[in-house]
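Chains, contacts and geometry: an overview
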Amino acid sequence: MTDTITILATLAAAAAALTGFYLYGTRLSSSPPPLLTFLQTYFTPLLILLVRTNQKVMCTIFGHSYAQILKHVDCTVIKLYTSILQRLHLYTFSDPKNPDIKYFSLLPPSQVKDSPTIFYIHGGGHTVHTATETLITLAFSTFKQKNYKFYHADYPLCPTSPLSSNISHLWSLYKTVHSLSSGSIILMGDSAGGHSSLLLKLKTLSENKYKPKGTVLISPWLSVINPGRVPTFKGKDNDYMDPKAVDAFRYNVMEGGGAISNVDDIIKECIERGGVEETLILSGGGELMHLEAVALYLANGGSEIYTADEGPHDFCVSRAFCKPGVYEECWGIVEEKLNLWLNDWTQIDAQDFEVDIDDEVDEDEEGSEGYDEGEEEEEEVEGDYEEVKLYVDMLRAEVKGQQASEEKKKKEKKTAKKSAAPAKRRTRGKSRNKD
């Protein structure tokens, strides 16, 4: 097992080195280097296949211990990332009032003192990864030449710490950052971090304070506790995430204990609130968790969704998993939304990038045989979307039924209270007359 961990750590380090080279290249030029564009075009599908195959083999051998093995790999990756960060001159700080909050920027602190704040929660199935690992993949390729301040919090991980405690820890950090930013803050997270970001956003609505200007959810993993009743995506399966790997992360979360809402409860809470406004959802059209994101979008009237066709999980966190141009398009949309939210614009025209669930899949024009295959795929994808519509409608009907039941109980209680009041007055009157 030690040999296997060493091999994995070496491969991860090599991947991190390639990522560092890639990001360094994009930092020096306005467009990706030709070699990397070539790799994006031809190597990305192979990379996705290799990662997924590796996950499947590792999960078959080690079972639920797979997630714990990744923690050992993390140690090697973090060291390499830290070295790359130093070479790329990223300004990193710990907030003097709270060392758990990691602050970083592309400009010296004095130049971002009054800049907007992005509170970013990293992914990793609530089990692995750290803030440092996501810093490099986002900072230089996504937010270069931007003067945002970033608060990128590390938080306790499962199964050592219960998930509910982890969310409470993030909530405490978020409130601190919110006060430091004077309310000019964007809430953002990927995968499990997207799940945490949504829970924090719902909590701000519940308490009616600490609200962010906007929220960006990248490939949110909502079925953390169990899959609930959300349909399984059977459309374009181009994800590097293997179902066994997802189960391994879910097992570690459950081992940690701590009550937390499942995917059905989260969607229903969004419906109860009439939608979570100022929310942008980014989802890969080929990722295992795509329908969770679509269900969240359908349940929220005030949200928008951007879908990268055939994109895998967390497609916009790393260029390595994006087709040429998709990464730039996606983050261009995010930048547009950030500008709107931070300037307090309320009228948002999302028609250029909001997904239409009824849109047809592009047909293959290379011949009749390819055309038939395209039609078969179109029916399958539309079937998935129709199924998730029915799922959300079912939850909406349940919420409506619960609300009607609660309203009925309130009326009955009010009626019983009114009918009891005259009886009490008559009893007191008879008592006085008797005296």
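All values derive from a computational prediction rather than experimental measurement.

Criteria and cut-off values
- Residues numbered from 1 in each chain as written.
- Predicted model: local features only at pLDDT ≥ 70, side-chain atom pairs only at ≥ 80, totals over all residues.
- Heavy atoms only, no water.
- Helix = DSSP H or I, 4+ residues; strand = E, 2+ residues; numbered from the N terminus.
- Buried < 20%, exposed > 50% of the residue type's maximum accessible area, 1.4 Å probe, protein only.
- Contact = heavy atoms within 4.5 Å.
- Areas by Shrake-Rupley, 256 points an atom, 1.4 Å probe, with all protein chains shown as cover.
- Expected span 1.5 Å × (residues − 1).
- Polar contact = N/O pair within 3.5 Å; in protein donor to acceptor, adjacent residues only side chain to side chain.
- pLDDT = per-residue confidence, 0-100.
- Core = buried A, V, L, I, M, F, W, Y, C linked by side-chain atoms within 4.5 Å.
- Salt bridge = Lys/Arg side-chain N within 4 Å of Asp/Glu carboxyl O.
- Axes fitted to C-alpha atoms, helices over the stretch in contact; angles between N-to-C directions.
- Left-handed = near helix turned anticlockwise from the far one by under 90°.
- Nonpolar A, V, L, I, M, F, W, Y, C, P; charged D, E, K, R; others polar.

Along the protein chain, the regular secondary structure elements total 12 helices and 8 strands. Every one of the 435 residues in the protein chain was classed for burial, and the buried ones make up 49%. Residue pairs at least 24 apart in sequence account for 81% of intrachain contacts in the protein chain once pairs closer than 6 positions are excluded. Summed over its atoms, the accessible surface of the protein chain is roughly 21,300 Å², and 52% of this surface lies on carbon and sulfur atoms.

With that out of the way, let us pick up helix α8 (residues 243-256). The terminal C-alpha atoms of α8 lie 20 Å apart, and with 14 residues this matches the ideal 20 Å at 1.5 Å per residue to within 8%. Of the positions making up α8, those classed as buried are A245, V246, A248, F249, R250, N252, V253 and G256. By the N-cap criterion, in which a side-chain oxygen at the helix start approaches the backbone nitrogen of a residue two or three places on, α8 is capped by D242, the distance to K244 being 2.9 Å. Looking one or two residues beyond α8, the residue adopting positive phi is G257, at roughly 75°.

Turning our eyes to something else, we now look at the confidence of the model for the protein chain. Residue-level pLDDT values for the protein chain average 75, and 68% of them are 70 or greater. For the protein chain, the element scoring lowest by mean pLDDT is helix α1 (residues 2-28), at 49; strand β6 (residues 214-218) scores highest, at 94. Note on residues 345-381: pLDDT under 50 across the span, and 43 contacts to partners over four residues away in sequence or across chains.

One finds F119, L200, I267, L296 and Y391 to be the most contacted residues of the largest nonpolar core, which totals 69 residues. Sorting elements by how many residues they give to this core places helix α6 (residues 163-180) first, with 7 residues. With residues up to four places along the chain from it excluded, the contact list for L200 reads F119, I121, I167, L170, W171, Y174 and L187. Core analysis: the next-biggest nonpolar cluster, separate from the first, contains 28 residues, F104, L106, M188 and L342 among them.

By the definition in use, this model includes 9 salt bridges. Between E207 and K203 there is a salt bridge; the shortest N-O distance is 3.6 Å. With E207 and K203 both in helix α7 (residues 192-207), this residue pair falls 4 residues apart, about one helical turn. Among the salt bridges present, the one from E304 reaches K337, with a minimum N-O distance of 3.0 Å.

Now for the side chain of Q55. Relative to the helices and strands, Q55 is located in helix α3 (residues 44-62). A residue is classified by how much of its surface remains accessible, and Q55, at 6% relative accessible area, is buried. Setting aside residues no more than four positions away along its own chain, Q55 makes contact with Y66, Y240, M241, D242 and A245.

Moving on: the packing of α7 against helix α9 (residues 263-272). For the pair α7 and α9, interaxial distance at closest approach is 11 Å and the crossing angle is 35°. Both α7 and α9 take part in a crossing whose hand is left-handed. In this structure, α7 contributes H195, L198, L199 and L202 to the contact, and α9 contributes I266, E269 and C270. Residue composition of the contact of α7 with α9, by class: 5 nonpolar, 1 polar and 1 charged.

Another point: the environment of G285. Among the structural elements, G285 can be located in the loop between β7 (279-284) and α10 (290-298). A relative accessible area of 9% places G285 in the buried class.

It is worth spelling out the environment of V392 at this point. Mapped onto the fold, V392 is located in helix α12 (residues 368-434). Taking the C-alpha atoms as reference points, V392 and A295, 97 residues apart in sequence, are found 6.2 Å from one another. Excluding residues that lie within four positions of it along the chain, V392 makes contacts with I271, A295, L298 and A299.

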